[in-house]
Amino acid sequence: MSKEERNTYKIEYDGNLGEVQIADEVVAVIAGIAAMEVDGVSSMAGTTTREIISRLGMKTLSKGVKVDVLEGIVTVSLALNLKFGTNIRTTTMKVQEKVKSAIENMTGLTVADVNIRVAGVDMPEEE
């Protein structure tokens, strides 16, 4: 997707210095980082593991994340792989809270929904 094709969202604030716009990919990366910080999340669907992130950079965190913004209201959809043995309900609730908080604190946008699809369960590697 070229820079011209990306969706951007204007942040409203008091000030006469100009406007600030955020690309939807930035919001998706924020969501991906927040989700990966929750214990029990193994990877974003599409095999974005912590090891791959460290090698390829943060942009890979937008894989498995869909962001829709309408009039400053954000809806996020995440596809995650969880670690085997993780309580799915507890982990996904933590992800929802963390993603909502991260986006709202960093962008000032309001998050209405954080939808999660558990795409898989990663088994521990045998030594």
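What comes next concerns the included structure. Given the structure is predicted, the values throughout are model-derived calculations rather than measurements.

### Here we look at the overall build of the chain
When you go through the chain residue by residue, the secondary structure sums to three helices and six strands. Ordering the α and β elements of the chain from the N terminus gives β-β-α-β-α-β-β-α-β. Of all 127 residues assigned to the chain, the portion counted as buried reaches 37%. Taking contacts inside the chain between residues at least 6 apart in sequence as the whole, the part at least 24 apart equals 61%. When the accessible surface of the chain is split by element, carbon and sulfur atoms take 50% of a total near 8,200 Å².

### Topic: the side chain of Thr92
Mapping Thr92 onto the fold places it in helix α3 (residues 88-107). The buried category is assigned to Thr92, whose relative accessible area is 14%. Residues in contact with Thr92, not counting those within four places in the same chain, are Ile116 and Val118.

### Section: the nonpolar core
Residues Val74, Leu78, Val99 and Ile103 are the most contacted members of the largest nonpolar core, which totals 26 residues. Of the residues forming this core, the biggest block, seven residues, is contributed by helix α1 (residues 24-36). Not counting the four nearest positions on each side in its chain, Val74 is found in contact with Val27, Val67, Asp68, Val69, Ile103, Leu109, Thr110, Val111, Ala112 and Asp113.

### Details of the environment of Ile33
Tracing the backbone shows Ile33 in helix α1. Overall, the relative accessible area of 28% leaves Ile33 in the partly exposed class. Residues Ile33 and Val99, 66 residues apart in the sequence, show an inter-C-alpha distance of 8.4 Å.

### A few points about α3
For α3, built from 20 residues, the straight-helix expectation of 28 Å at 1.5 Å per residue is met to within 8% by its first-to-last C-alpha distance of 28 Å. Every buried residue of α3 is listed here: Thr91, Thr92, Val95, Val99, Ala102, Ile103 and Thr107. Summarising the axial view, the buried residues of α3 lie within an arc of 95°, below the 170-degree limit, and thus occupy one face. With respect to the buried face of α3, the exposed residues turned more than 90 degrees away are Arg89, Glu97 and Asn105. The N-cap residue of α3 is Asn87: its side-chain oxygen and the backbone nitrogen of Arg89 are 3.1 Å apart. One or two residues past the end of α3 sits Gly108, with phi positive at roughly 80°.

### Describing the environment of Lys63
Tracing the backbone through its elements, the reader meets Lys63 in the loop between α2 (50-56) and β4 (65-70). The spatial distance from the C-alpha of Lys63 to the C-alpha of Glu25 is 9.7 Å, given a sequence separation of 38 residues.

### Here's the deal with a nonpolar patch on the surface
The grouping of Phe84, Val121 and Met123 at the surface amounts to a nonpolar patch, some 330 Å² of accessible area in total. Structurally, Phe84 is set in the loop between β5 (73-83) and α3.

### Let's talk about the pattern of salt bridges
Two side chains bearing opposite charge may form a pair once their charged atoms approach each other closely. Applying the stated criterion across every chain yields a total of three salt bridges. Note that Lys98 and Glu37 form a salt bridge whose closest N and O atoms lie 3.2 Å from each other. Highlighted residues: Lys98 in helix α3 and Glu37 in the loop between α1 and β3 (41-44), separated in sequence by 61 residues. Here Asp68 makes a salt bridge to Lys66, at a shortest N to O gap of 2.7 Å.

The rules behind the values
- Residues numbered from 1 in each chain as written.
- Predicted model: local features only at pLDDT ≥ 70, side-chain atom pairs only at ≥ 80, totals over all residues.
- Heavy atoms only, no water.
- Helix = DSSP H or I, 4+ residues; strand = E, 2+ residues; numbered from the N terminus.
- Buried < 20%, exposed > 50% of the residue type's maximum accessible area, 1.4 Å probe, protein only.
- Contact = heavy atoms within 4.5 Å.
- Areas by Shrake-Rupley, 256 points an atom, 1.4 Å probe, with all protein chains shown as cover.
- Core = buried A, V, L, I, M, F, W, Y, C linked by side-chain atoms within 4.5 Å.
- Expected span 1.5 Å × (residues − 1).
- Arc of directions from axis to C-beta.
- Polar contact = N/O pair within 3.5 Å; in protein donor to acceptor, adjacent residues only side chain to side chain.
- Patch = residues over 30% accessible without salt bridge, like charges linked within 9 Å, V, L, I, M, F, W, Y side chains within 5 Å.
- Salt bridge = Lys/Arg side-chain N within 4 Å of Asp/Glu carboxyl O.

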